[in-house]
Structures are given as structure tokens and as C-alpha cells.
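# Coordinate inspection notes
Here are the chains, one letter per residue:
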Amino acid sequence: MMDGFLLAIQFLTRIPVKKNIKFTRKNLKNAVYFFPFTALIIAVIVTIPFVLIPITEFRVSSALAISIYCLITGSLHLDGLSDTVDGFWGGKDKEDIIKIMKDSRIGAFGVIALILIILTKFAIYTSIANQPHLIIIAIVNSRFSAVHLLNNFKTPNYGGFADSFSKGRIGKGELILLLGYAITMAIYDYKYILSLVLTILFTRIMGRKAVKKIGAVSGDIIGATVEISDILSLITLWVIKWI
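Residues numbered from 1 in each chain as written. Predicted model: local features only at pLDDT ≥ 70, side-chain atom pairs only at ≥ 80, totals over all residues. Heavy atoms only, no water.

Once that is clear, we can look at empty space enclosed by the protein. With a probe scaled to a water molecule rolled over the atoms, the places where space remains empty come into view. According to the stated counting rule, one finds 1 cavity of 30 Å³ or more in the structure shown. The computed volume of the largest cavity comes to approximately 40 Å³. Forming the walls of the largest cavity are Ile 66, Tyr 69, Cys 70, Leu 78, Ile 117, Ile 118, Lys 121 and Glu 227. By residue class, the composition of the lining of the largest cavity is 6 nonpolar, no polar and 2 charged. (1 Å grid on protein atoms, 1.4 Å probe; cavity = no way out; pocket = protein on both sides within 12 Å on 5 of 7 lines; lining within 4 Å. Points joined across faces, edges and corners; volume = space filled by probe spheres on them. Nonpolar A, V, L, I, M, F, W, Y, C, P; charged D, E, K, R; others polar.)

The structure is reproduced here in C-alpha cells:
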């Protein structure tokens, strides 16, 4: 289990892990189980500025939080978002979309998507700066998107993140994770469960869209889904806090 946890840390963060872990089916499966827990670590670190900096400086806290998020994740999912948007909006057919997504260069559509995502995140962070636990929930929610896509949709066979972790499908283990997480949220505030439900629904829509477009769910598409799910959760939680 520890190797699975360290593997999840290695893939989802830039936290240094000085151990060579084999890509066995068991390790990959355990790593997928630890995706939400790794997300919790990311989220706690991201919200540190809101704890240390006075609430009156919420813009500074928000900017630092987003910067920390980009650094600790290596902007992994943001890169996937830009590639996916470039491919889906700029590609004419399956082969063209895949070619664009594999291109290391970023296009106009990808740049626009990144600007919109970061601006939206900054705006919401400043609005909920006095409730950093909502940011934690959103980040954890979004990593359930990765678990759901890897566990329920076809992945490509040309290597990469999705192809590797497709060997670690956890089956009914996903339901156990979701139920445990949902119960935890319900104990705190049952209204927060809506953000998780919407995240899973959106993830299924993205998964089906990807299979229709290119026949599988690639690592870039998983990254895009994670980032958009994060924003969707933040918006939902922001609305809920006023109810």
C-alpha cells in the first residue's frame, strides 16, 4: 500500500519521492485508491496562505494559493486542459485531434482556456478566502474525476498516464471511496454532497465525449476534466455557502 501511495504522490505532485517503484498492477491499483488522499495533501498545502496571511489580504492569499497549486502539481492537469481544448476545438477528425493534443506547442484555444480557468479560480478564491475548507473539498472532488475516468472508460494504448493507470482499475473500490467521502461530507454539511454529484455527472459527460471524439480517454482529457471539475465544484460550493 505504501508503494501505491508513493506512486500517487509521484504522478500527481512534484513532491520529491526518492524511491524507484515498479509499475505492477498491484501498485497501480493501490495508487488509484490514493488519488483522493494525495489530493487532500495538495489541497492542505494550497490553502496555507489563507491561514497565515490576514484575511484582509485575500487577493494576495488567492494569488499565492494558485501559484502553489501550479508548483506542487507541476501544472500537470492545466497542461492537459490546454492540449484538450486545442485538440477538440481545432481538430477536424480523430487523427487530427490526437495529433494536435500530442503537439508540445500550445495553441490560441489552449491559452484562452488557461486564462479563463485561472481567472475564474482567482475570483472564487477571493470570494471564499475565509472558508478555505471549500477549496479543499473542490480539489479532492476533482481528483475523483481521474479515478472515475480511469475506472470506467477505455484508455488509449499508446502510452502515457492514462494507459499506465488503466492497469490499476479498482472496480467496486471506487464506490467504496465515494461512499466514504460522501458520508464524511454529509457529517460536516450534507449540502456539500451536491458538488461531488455534479463532479461525477460532468466527468461521465467528458468521458463519453472523449470516447466519441477519439475513441478513448487520454491523460490530457483526464487533466482537463480534473481542472474543469475543480472549477465546477468551486462554483457549486460558492453558491451553496449563500443558501
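Once that is clear, we can look at the packing of aromatic side chains. For the coordinates displayed, the defined rule picks out 7 aromatic pairs. When the ring of Phe 50 is compared with that of Tyr 125, the centres are 6.0 Å apart and the planes differ by 80°; the resulting orientation is edge-to-face. Here Phe 50, found in helix H4 (residues 48–52), pairs with Tyr 125, found in helix H8 (residues 108–127); they are 75 residues apart in sequence, far enough to count as distant. Looking at Phe 50, the relative accessible area reads 9%, which means it is buried. (Phe/Tyr/Trp six-rings, centres within 6.5 Å; stacked < 30°, edge-to-face > 60°. Helix = DSSP H or I, 4+ residues; strand = E, 2+ residues; numbered from the N terminus. Buried < 20%, exposed > 50% of the residue type's maximum accessible area, 1.4 Å probe, protein only.)

For the rest of this paragraph, the subject is the nonpolar core. Of all hydrophobic cores here, the largest spans 69 residues; its most connected members are Phe 35, Tyr 125 and Ile 139. In terms of residue count, the dominant contributor to this core is helix H9 (residues 132–152) (11 residues). Excluding anything up to four places from it in sequence, Ile 139 contacts Ala 39, Ile 42, Ala 43, Val 46, Tyr 69, Tyr 125 and Asp 230. (Core = buried A, V, L, I, M, F, W, Y, C linked by side-chain atoms within 4.5 Å. Contact = heavy atoms within 4.5 Å.)

Our focus in this paragraph is the packing of H9 against helix H13 (residues 219–240). Axis separation between H9 and H13 bottoms out at 8 Å; the angle between their running directions is 145°. As H9 runs across H13, the sense of the crossing is right-handed. Facing Leu 134, Ile 135, Ile 137, Ala 138, Ile 139, Asn 141, Ser 142, Arg 143, Ser 145, Ala 146, Leu 149 and Leu 150 of H9, the residues of H13 in contact are Ile 222, Thr 225, Val 226, Ser 229, Asp 230, Ser 233, Leu 234 and Leu 237. Looking at side-chain class alone, the contact of H9 with H13 contains 12 nonpolar, 6 polar and 2 charged residues. (Axes fitted to C-alpha atoms, helices over the stretch in contact; angles between N-to-C directions. Left-handed = near helix turned anticlockwise from the far one by under 90°.)

Note that Ser 142 resides in helix H9. There is a polar contact of 2.8 Å between the side chain of Ser 142 and the side chain of Arg 143. Leaving out residues up to four positions away in the same chain, Ser 142 has contacts with Val 226, Ser 229 and Asp 230. (Polar contact = N/O pair within 3.5 Å; in protein donor to acceptor, adjacent residues only side chain to side chain.)

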